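# Secondary and tertiary structure notes
The lines below spell out each chain.
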Amino acid sequence: MGSTEEDRFARLVREHSTAVANYLRRRLYPLTPADLDDLVEETMVIVWRRLDRVPVDAELPWMLGVARNVLRNARRSKNRRSAFEATLHASSSDPSAEEFVIADVSIREALGSLSDDDREILLLNAWDGLDTHALGAYFVVSTNAAAVRLSRAQARFRELLSAAEVH
Amino acid sequence: MSDVENRLAALDPAANQPYEHADLDAMMTRIVATPARAQSARWQRLQARLAGGAIAATLATALTLVATQGAPSLPALAIQRALTGPSASFATQLPMNAYEDLHFVAGSSISAHAPATASYKLSLPVSAKAESARLARLFGVSGTPVERGDGNWMVMSTSGAVLNYDDVGVPQWYYSSTSPKVAPAEESGSVSVAMPTHATVESDVQHYMSELGYNYTLSSPSFSTATTSTTTPGGAPLTVYSETASYSVIVHGTATNQSLSFTVDPTNTLLYAEGPAFHVGSGVKYPLQSPLAGVAALRSAERRSFRATKEPPRAKAAVTSARVSLAPYQLKNGTLWLLPLYTFSGSITGATSGNAARTWSELAVEPNYVAGSSATSEGVSN
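These numbers come from a predicted model, not from an experiment. Residue positions are counted from 1 within each chain, in the order its sequence is given. Following the order in which they are written, the chains are lettered starting with A and the ligands numbered starting with 1. This being a predicted model, a pLDDT of at least 70 is required before a residue's local features are given, and a value of 80 or more before pairs of side-chain atoms are given or counted; all residues contribute to the totals for chains, interfaces and linings.

## Quick word on the overall build of chain B
The secondary structure listing takes helices from DSSP runs of H or I that are at least 4 residues long and strands from runs of E that are at least 2 residues long, numbered from the N terminus. If you tally the helices and strands in chain B, you get six helices and 18 strands. Remark: C-beta atoms are placed from the backbone, and a residue is labelled buried if 20 or more other C-beta atoms sit within 10 Å of its own, exposed if 12 or fewer do, or partly exposed between those counts. Residues classed as buried in chain B amount to 39% of the 382 residues present. Considering only residue pairs separated by 6 or more positions, chain B has 66% of its internal contacts joining residues 24 or more positions apart. Whether two residues are in contact is decided by their C-beta atoms, placed from the backbone, lying within 7 Å.

Right under this line is the structure:
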């Protein structure tokens, strides 16, 4: 890679491919390493095509937004779940479903009861490590608006968790 | 990190699984060297492999409907998918009933009589671009709608105010103001300054509702306050006080799972607002099954799930209450409908994971009008 553009692309890939892969893995689980690599590559294809649009102060959130659209497009494909399940196989190192269930039932139940929007912002913060500035870049809203959304989601999550643990 | 945050982090499916691409250099070379058309073909192949269940957002409610019987005047509903709900979209939400063989028992309060709730076809804004522009003008955001891909439109003013319009499923709009950009270091639910009265906020919301022009109505509001303290990028302390009015969307007297909220600051300046964008068509009275029959449907669905299990279920699910609401579904012809949905509440006893309160959902449309799997999902009681 020789040009400035290619240098920047290479840096973005090296710095953020792991975060992108983890973002994808958290939302499409389990994945074989080969499937995960392909999704990462598809994300990077779009990053390369739109390199001039990648904001210098919010590179990762922007790339995660691309990954989000890659997943959305996958969701919209014509095939059904059965085809999906027939082609994807858990990696042998993945924990079993039972291990996930046992891990923390109350947390899982509270997460499951959140709205999609609340869950998305909560987990972007908790799992993907996006702070409110990055969340603002991801959702293309002000940092303050992202903070309000996150705060509400966290409050609702705590309420649901408390309810789950009462029983 | 709090205990809750630690527990949440412990459920991270990507934790302790370091990612290493098979060959990053080869990937980069391939991307830079490959023409766009060839990349597109590769994506189509990948898409075919991953298929529609990629995020499994609506796995719990994949229904197939047959031609209706007994009501030839009603067109057949052919449901493609449910659009929202507590169904799984993440690895953390594996359905509990996959591990709990439950015996559903209806309590004495579960009615054997079906309600008369109608179904409603939704009319959506024809042009997402035009609607986002209209909403931007309404909230005072000056700018041109820009498509960000995948049905998402954004209007951003030079001052930083943003109107987002997400045209996926039931369209949703989001407004955020040019309020101070803060990253909260501390947040609490109380405020130490005078906030606008509830009546003032509610009056303003009603004004916005008339301007928005959608023909749904709102529940009574619930109000909450928040104090957010932080430091600006320059290091100065900054505190933002806010008050939020939250509403459920009501359609002809029946609650839906759609919501709307407005957040203001102490000067009653709108900081943030969000809600759905749709008009409700005339009601169509598809026959409904009774709540009691709905519990029976839950029981049947559970038996189908565990048909290979010879032992009787150890866990009992006692259903003690039922309420009907309207939930959005997309039909195979692409139209969106609000269909009656039962939400059952009750408790599980005798399960390996312990006793717990639960809710279950079941489409209320009479089963004779539905073929295929049951629209059943489960959540935590709240």
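From this point, the discussion proceeds with the structure in view.
## Some points on the overall build of chain A
When its secondary structure is counted, chain A shows nine helices and zero strands. Ordered by position from N to C terminus, the α and β elements of chain A give α-α-α-α-α-α-α-α-α. Expressed as a percentage of its 167 residues, the buried residues of chain A come to 54%. Long-range contacts, defined as pairs at least 24 residues apart, comprise 65% of the intrachain contacts of chain A with a sequence gap of at least 6.

## A short note on the nonpolar core
The biggest cluster of nonpolar side chains holds 123 residues, and the ones touching the most others in it are Leu-24, Met-63, Ala-67 and Leu-135 of chain A together with Leu-163 and Leu-339 of chain B. With ten residues, helix α9 (residues 143–166) of chain A is the single largest residue contributor to this core. Not counting the four nearest positions on each side in its chain, Leu-135 of chain A is found in contact with Ile-121, Leu-124, Asn-125, Leu-130, Ala-146 and Leu-150 of chain A. Here, a nonpolar core denotes buried Ala, Val, Leu, Ile, Met, Phe, Trp, Tyr and Cys residues that are linked to one another through C-beta atoms within 7 Å.

## A closer look at the environment of Thr-225 of chain B
Among the structural elements, Thr-225 of chain B can be located in strand β10 (residues 222–231). When the C-alpha positions of Thr-225 of chain B and Val-191 of chain B are compared, they lie 6.5 Å apart, and in sequence the two are 34 residues distant.

## Brief notes about unusual backbone geometry
Of note in this structure, His-252 of chain B is not a glycine but carries a positive phi near 45°. The residue His-252 of chain B is located in the loop between β11 (237–251) and β12 (254–264) in this model.

## Regarding the pairing of strand β13 (residues 270–276) of chain B
All names here are of chain B. In terms of burial, β13 is a largely internal element, seven of the seven residues being buried. Bridge analysis of strand β7 (residues 172–176) against β13 gives five bridges, and the strand direction is antiparallel. Residue pairing for β13: Gln-172 is matched across the bridge by Pro-276. As defined by bridge partners, β12 adjoins β13 across four bridges and the pair is classed as antiparallel. Paired with Val-264 across the bridge in β13 is Leu-270. Here, strands pair whenever DSSP counts at least two bridges between them.

## Digging into the confidence of the model for chain B
All names here are of chain B. Per-residue confidence from the predictor is given as pLDDT, running between 0 and 100. Per-residue pLDDT for chain B has a mean of 75; in total, 70% of the residues score no lower than 70. For chain B, the element scoring lowest by mean pLDDT is strand β18 (residues 376–380), at 46; strand β9 (residues 217–218) scores highest, at 96. Long-range and interchain partners of residues 48–73, a stretch whose pLDDT sits below 50, account for 80 contacts in this model, where long-range means more than four residues apart. In the model, residues 85–99 has pLDDT below 50 throughout and makes 50 contacts with residues more than four positions away in sequence or in other chains.

## A look at the packing of helix α2 (residues 33–49) of chain A against helix α2 (residues 24–33) of chain B
It is the contact of α2 of chain A with α2 of chain B, at a shortest axis distance of 10 Å, that shows an interaxial angle of 45°. Comparing the axis directions of α2 of chain A and α2 of chain B gives the class oblique. For α2 of chain A against α2 of chain B, the interelement crossing comes out right-handed. For the pair α2 of chain A and α2 of chain B, the contacting residues are Glu-41, Met-44, Val-45 and Trp-48 of chain A in the first and Met-27, Ile-31 and Val-32 of chain B in the second. Inter-axis angles, ranging from 0 to 180 degrees, are taken between N-to-C directions of lines fitted to C-alpha atoms, where helices are fitted over the stretch in contact. Working rule for angles: under 35 degrees goes down as roughly parallel, over 145 as roughly antiparallel, 65 to 115 as roughly perpendicular, anything else as oblique. For any helix crossing, the convention is left-handed if the near helix is rotated counterclockwise from the far helix by under a right angle, and right-handed if that rotation is clockwise.

## Observations regarding the pairing of strand β15 (residues 315–331) of chain B
All names here are of chain B. When strand β2 (residues 102–106) meets β15, the two strands line up parallel, connected through five bridges. Within the sheet, the bridge partner assigned to Val-105 lies in β15 and is Ala-318. Looking at chain direction, β15 and strand β16 (residues 336–349) are connected through 14 bridges and run antiparallel. Across the sheet, Pro-328 pairs through a bridge with Leu-338, a residue of β16. Adjacent in sequence and paired antiparallel, β15 and β16 are bridged by four residues, among which Gly-334 carries a positive phi angle near 95°.

## So, helix α7 (residues 116–126) of chain A
Of all eleven residues that make up α7 of chain A, nine are buried, and the element is covered over most of its length. Residues of α7 of chain A that are buried: Asp-118, Arg-119, Glu-120, Ile-121, Leu-122, Leu-123, Leu-124, Asn-125 and Ala-126 of chain A.

## Concerning the packing of helix α1 (residues 4–27) of chain A against α2 of chain A
A pair of packed helices can be characterised by two numbers: the angle between their axes and the separation between those axes. Residue and element names in this part refer to chain A. Packing of α1 against α2 brings their axes to within 10 Å, and their N-to-C directions diverge by 135°. Between α1 and α2, the angle falls in the class oblique. Read as a crossing pair, α1 and α2 show a hand that is right-handed. In this structure, α1 uses Phe-9, Leu-12, Val-13, Ser-17, Val-20, Ala-21, Leu-24 and Arg-25 to contact α2, whose residues at the interface are Leu-36, Leu-39, Val-40, Thr-43, Met-44, Val-47 and Trp-48. Looking at the contact of α1 with α2 residue by residue, the classes come out as twelve nonpolar, two polar and one charged. Classes in brief: Ala, Val, Leu, Ile, Met, Phe, Trp, Tyr, Cys and Pro nonpolar; Asp, Glu, Lys and Arg charged; the others, Gly included, polar.

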